[in-house]
Number of protein chains: 2
Amino acid sequence: MLSRSIPVNLPNQAYKVVIQAGGQADLGSILQAQGLVKPGQKLLVVSNSQIFRHYGPDIMDSLLNAGADVEKCLIPAGERYKTPKTLQKIYDAALAHRLERGSALVALGGGVVGDMTGFAAATWLRGIGVIQVPTSLLAMVDAAIGGKTGVNHPQGKNLIGAFHQPRLVLIDPHTLQTLPRREFRAAMAEVIKYGVIWDAELFDLLENALVLDRVEALGDDLLGQILIRSCQAKVDVVTKDERESGLRAILNYGHTLGHALESITQYRQFNHGEAVGLGMLAAGEIAVRMGLWTEVDQSRQMQLVEKVKLPSAWPGDLDLDTVLTLLSSDKKVKDGQVRFILPQAIGQVIIHDQVPPAIIRGAIQSLQA
Amino acid sequence: MLSRSIPVNLPNQAYKVVIQAGGQADLGSILQAQGLVKPGQKLLVVSNSQIFRHYGPDIMDSLLNAGADVEKCLIPAGERYKTPKTLQKIYDAALAHRLERGSALVALGGGVVGDMTGFAAATWLRGIGVIQVPTSLLAMVDAAIGGKTGVNHPQGKNLIGAFHQPRLVLIDPHTLQTLPRREFRAAMAEVIKYGVIWDAELFDLLENALVLDRVEALGDDLLGQILIRSCQAKVDVVTKDERESGLRAILNYGHTLGHALESITQYRQFNHGEAVGLGMLAAGEIAVRMGLWTEVDQSRQMQLVEKVKLPSAWPGDLDLDTVLTLLSSDKKVKDGQVRFILPQAIGQVIIHDQVPPAIIRGAIQSLQA
């Protein structure tokens, strides 16, 4: 039975990422073991009704058995509800449950639940604890670890946010068996990302797998390896650069163009992971055109994207002027220069602030359907 | 000419509190000297129209002369606009001015402007810089220093907030000459507070002053001493406990009951400082009744409050049951126990979690008009 604990040692907060099959039913005792729950401890589980129906009862029982005083707060599902208005709902529940400074929120769900709950925790009473219990692969390998929290502004994703590290992250691979196939594939884009930016062995592992497009075909062992290696990569990078002042920017590989693509298509045509997959392919193509990495490696990356059955072609009707305009309003812009993460080899990327617009344009065109 | 720089050395951020007569007109060069502005640096000055009319033009000129790319954002004046909705206005201006991660907000105004601008800076792009330029005595000696930021929830003050240290605090005593008298007196409550909780010499200074109820009667020297000693007290306490995990709670002397009083009277009858003054008198009375400090010291505190011409009697028609109910919803409640800061001597207080409700009731009754 898979059980692994990855320590995250940050200057102001040390915590653990616990990867444990069936761990959700043990959340109470896992928290007890870490000294994170005591009798009467007030906890507020934030989730959406669909996820809560699946996993809520077990989690609530487990927390009640650990002696906690638990309430729940259900918020609407979906990125379009990741707004200040939904945040207000969480605040209202925090007030109604009379959370104190020693209380904590428990984020049970995917990235939207995790980001918003994390931000609510960062800003309620000037900061209370948050325990991340991601239920999607994307949230497990990405959003739940590292302390980035936020909500969307009508004109951009995550423009409103804060860094707020969780007290614990619990990853239970069992929950992935109910994950919709499209969500699973999208999350695999981030897994491929870790292979390209940090962990060549993970990349090899993915290349050697027979099937990568369905979670149920992976087998417990491969799934476990993917989770452990991806989480470890994220922890490594975050530990070296908690506040994204340098290295952490490499986690945005594929994201600069991915965000632009999501935004132009009004978050309807592609989900986040699909857009990131296309963003990685474009970044790889830019790197090839700038002489930074080889066509062979770019084609290996393309093959992995196709093996996962992620979209590998940019929409043919996309207006590239709009893409370039949008890039310059990305929050990662520094001194007016768009920042790209570009691969140099499998497992290694660089940060580049001087990509000529013509190369961006040409790279995307070469990938258009 | 008064000019003093108080260093604030926090683990993750060191900054200076600059107290300088006429300093506002030099803000640009003061920032340059600290390396906080460079050519093209994007800054957004947040203020309200009344304050901006007085001080905005000089500040903008000074920042422009330092080479910054400056815009302004005016928000409505008053505590009742310290809301998520007003915050949204600041976010919109940040977006319109295309602030980047290296950009900063400049909070020009009193505590409301400072708290909201600080919170906007804490949460825009997951945290950008903020420069605090307080224009009221209350903001100078209290809100602008120490990194507490926030907005109000309909059911409580500052329930939504974050710790976010400024990059610099500039205090220009010249701006106090236009401060309404009632505001000045209210702020003096916080000055008396520093005398009681931390600095017996400051208390003596206040006792020896001939007049304390009008800023124009103080003279530059006494006003300068009051500013320097009060800011130093706040810096001392904040440096020892940035996140209010222990010592910093002493800054809430008078605030537990003060907040309750403000809230019950719907923020109409008393301003913050007046309520704090009454809260301090009640805390002192509680301390006397618990045998913690002397009636002589309580009467010295009472005399200072009266010398400043702050209200010294609690409203006669106040329902004490409501007060006690409200206390238990204060965000400083820990494990259901209301936390009081109680004086033991001039310059020395303790934190007390076990004050019997009957004593709270009796202390307030003895102060009712």
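We now turn to the structure provided with this report. (Residues numbered from 1 in each chain as written. Chains lettered and ligands numbered in written order. Predicted model: local features only at pLDDT ≥ 70, side-chain atom pairs only at ≥ 80, totals over all residues. Heavy atoms only, no water.)

Comments concerning the packing of aromatic side chains
All names here are of chain A. Enumeration according to the criterion identifies two aromatic pairs over all chains in this entry. Both rings, one in Tyr91 and one in Trp124, keep their centres 5.5 Å apart while their planes meet at 25 degrees; by these two values the pair is stacked. Residue Tyr91 is found in helix α3 (residues 84-96), and its partner Trp124 is found in the loop between α4 (111-123) and β6 (129-134); the two are separated by 33 residues along the sequence. The buried category is assigned to Tyr91, whose relative accessible area is 3%. (Phe/Tyr/Trp six-rings, centres within 6.5 Å; stacked < 30°, edge-to-face > 60°. Helix = DSSP H or I, 4+ residues; strand = E, 2+ residues; numbered from the N terminus. Buried < 20%, exposed > 50% of the residue type's maximum accessible area, 1.4 Å probe, protein only.)

A word on the relation of the copies chain B and chain A
With an RMSD of 0.0 Å, the fit of chain B onto chain A corresponds to turning through 180 degrees and sliding 0.0 Å along the axis. Viewed as a symmetry operation, the transformation between the two copies matches a two-fold axis. For chain B, the minimum C-alpha distance to the rotation axis belongs to Pro84(B) and amounts to 4.1 Å. Here 100% of the interface residues in chain B have copies in chain A that are interface residues too; the copies meet face to matching face. (Least-squares fit on C-alpha atoms with pLDDT ≥ 70 in both. Contact = heavy atoms within 4.5 Å.)

Section: unusual backbone geometry
Phi is positive for Lys309(A), which is not a glycine, with a value near 60 degrees. Inspection of the secondary structure assignment puts Lys309(A) in the loop between α11 (295-307) and α12 (320-327). Residues other than glycine seldom take positive phi values, yet Gln266(B) does so here, at roughly 50 degrees. Structurally, the position occupied by Gln266(B) is in the loop between α10 (255-264) and α11 (272-289).

Side note on helix α10 (residues 272-289) of chain A
The α-helix winds at 3.6 residues per turn, so residues separated by three or four positions along the chain end up facing the same way. Residues and elements named next belong to chain A. Spanning 18 residues, α10 covers 25 Å between terminal C-alpha atoms, matching the ideal 26 Å at 1.5 Å per step. Across the 18 residues that make up α10, a large majority, 17, are buried. Following α10 by one or two positions, Gly291 adopts a phi angle in the positive range, close to 75 degrees. (Expected span 1.5 Å × (residues − 1).)

Comments concerning the packing of α11(B) against helix α12 (residues 295-307) of chain B
Residues and elements named next belong to chain B. In contact at an axis separation of 9 Å, α11 and α12 are set at 170 degrees when each is read in the N-to-C sense. Classed by the angle they form, the pair α11 and α12 counts as roughly antiparallel. From α11, Met280, Leu281, Gly284, Glu285 and Val288 reach across to α12, where they touch Glu295, Gln298, Gln301, Met302 and Val305. When grouped by side-chain class, the residues that make up the contact of α11 with α12 number five nonpolar, three polar and two charged. (Axes fitted to C-alpha atoms, helices over the stretch in contact; angles between N-to-C directions. Parallel < 35°, antiparallel > 145°, perpendicular 65-115°, else oblique. Nonpolar A, V, L, I, M, F, W, Y, C, P; charged D, E, K, R; others polar.)

Section: the sheet that holds strand β2 (residues 14-20) of chain B
All names here are of chain B. One open sheet accounts for seven strands, arranged β1-β2-β9-β6-β5-β3-β4; its pairing is mixed. Edge positions in the sheet fall to β1 (3-9) and β4 (69-74), since each of these pairs with one other strand and no more. On average, adjacent strands in this sheet sit at an angle of 15 degrees to one another, irrespective of strand direction. Bridge count for strand β6 (residues 129-134) against strand β9 (residues 168-171) is two bridges, and the pairing is parallel. By the bridge assignment, Gln132 is partnered in β9 with Val169. (Pairing = 2+ DSSP bridges.)

Looking at the interface of chain B and chain A
Taken together, the 37 residues of chain B in the interface contact 37 residues of chain A. Our enumeration of links across chain B and chain A arrives at zero salt bridges. Along the contact surface separating chain B from chain A lie eight residue pairs in polar contact (both at pLDDT 80 or more). Listing elements by their share of the side of chain B that touches chain A, those giving two or more residues are α3 (84-96), α4 (111-123), β7 (148-153) and β8 (156-163) of chain B. Here the element with the most residues in the side of chain B that touches chain A is β8(B); it accounts for six residues. (Salt bridge = Lys/Arg side-chain N within 4 Å of Asp/Glu carboxyl O. Polar contact = N/O pair within 3.5 Å; in protein donor to acceptor, adjacent residues only side chain to side chain.)

Observations regarding the pairing of strand β11 (residues 348-352) of chain B
All names here are of chain B. Two strands pair when backbone bridges link them, and strand β10 (residues 340-345) and β11 are joined in this way by five bridges, in the antiparallel orientation. Within β11, the position partnered with Phe340 by the bridge is His352. Between β10 and β11, which pair antiparallel one after the other, the connecting turn spans two residues, and Gly347 there sits at a positive phi close to 95 degrees.

Focus: α4(A)
All names here are of chain A. End to end, α4 covers 18 Å across 13 residues, agreeing with the expected 18 Å (1.5 Å per residue, within 8%). Summarising burial for α4: 12 of the 13 residues are buried, a large majority. Listed in full, the buried residues belonging to α4 are Val112, Val113, Gly114, Asp115, Met116, Thr117, Gly118, Phe119, Ala120, Ala121, Ala122 and Thr123. Phi turns positive one or two residues past the end of α4, at Leu125, with a value near 55 degrees.

A look at the pairing of strand β7 (residues 148-153) of chain A
Residues and elements named next belong to chain A. With respect to burial, β7 is a largely interior element, six of its six residues being buried. Looking at chain direction, β7 and strand β8 (residues 156-163) are connected through five bridges and run antiparallel. Looking at the pairing, His153 lines up with Gly156 of β8. The loop that links β7 with its antiparallel partner β8 comprises two residues.

Quick notes on the environment of Ser366(B)
All names here are of chain B. For Ser366, the position within the fold is in helix α14 (residues 357-367). Not counting chain neighbours up to four residues away, the residues in contact with Ser366 comprise Glu285 and Arg289. A polar contact of 2.7 Å, which involves the side chain of Ser366, links it to the backbone oxygen of Ala363.

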